[in-house]
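Coordinate analysis (summary)
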Amino acid sequence: RNLKKKIIGIFDSWTTEMFLPLAKLFKNSKFIIIIRDPRAMIASHTKKSKKSSIANSLSYLRCWRKMIALTIYYKSLKIFKNRLYVMTHEDLVENPKKICKKLCNFLKVKFESEMLNTANYLDYSTGKIWEGNSSFENKTFGFKKKRANRWRKKLSYSEIRAVEFIAHHELKLLNYKLYKKNSFSELKNGL
């Protein structure tokens, strides 16, 4: 535990488009992109209890596609060599120890097994244990695989087809499996 070394993180998917100017400004900074299945994101956003806080699904999907395009672009730039780590939410919940070890290696931080205990995560704004963010659970502790595929039960088939139509190429690029083996033209019927 090196008290002289500070690590400050900002977790916000909307900041991805600011990575290039941030990389230029902060020469020692590192960047992590967490990609999540857009069907899970839409299930989460459309099922929120506060309807006023729901983003328009089409707008949200466009933003997700933009994040994927930016990720591909950033990976091609020299400035991000050894400074950009890309992972999926699904990989994290399915194998947290493996992903956390990779993240620690990327950040040059010693891995400690207590990092996997989410009861150790503090919400520095309240001083209490961080309760997680979920549209489906009041408190989300631990890494649970079921959270990655909850969208299968929460979205209608029409909603799934609409997301898969809009994000079809990115889903395939990222090796996400389509819900059913629909042709691309069949998916547009979800719209």
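Residues numbered from 1 in each chain as written. Predicted model: local features only at pLDDT ≥ 70, side-chain atom pairs only at ≥ 80, totals over all residues. Heavy atoms only, no water.

1. Remarks on unusual backbone geometry
Excluding glycine, a negative phi dihedral is what most residues carry, and trans is how most peptide bonds are arranged. Formally: Going along the chain from the N terminus, every DSSP run of H or I of four or more residues is numbered as a helix, and every run of E of two or more is numbered as a strand. A 1.4 Å probe rolled over the protein chains alone gives each residue an accessible area, and that area as a share of the maximum for its type sets the label: buried under 20%, exposed over 50%, partly exposed in between.
For Lys-108, which is not a glycine, the phi torsion comes out positive at approximately 60°. If you check the backbone angles, Asn-175 has positive phi at about 65° while not being a glycine. In this structure, Asn-175 sits in the loop between helix H8 (168-173) and helix H9 (184-187). Residue classification places Asn-175 among the exposed positions, given a relative accessible area of 65%.

2. Quick look at the pairing of strand S2 (residues 84-88)
The side chains of a regular strand alternate, first on one face of the sheet and then on the other. Operational definition: Two strands pair under a simple rule: DSSP has to find at least two bridges between them.
Extensive coverage of S2 is indicated by the burial of four of its five residues. The pairing of strand S1 (residues 31-35) with S2 spans five bridges and is parallel. Opposite Ile-35, over in S2, you have Thr-88 as the bridge partner.

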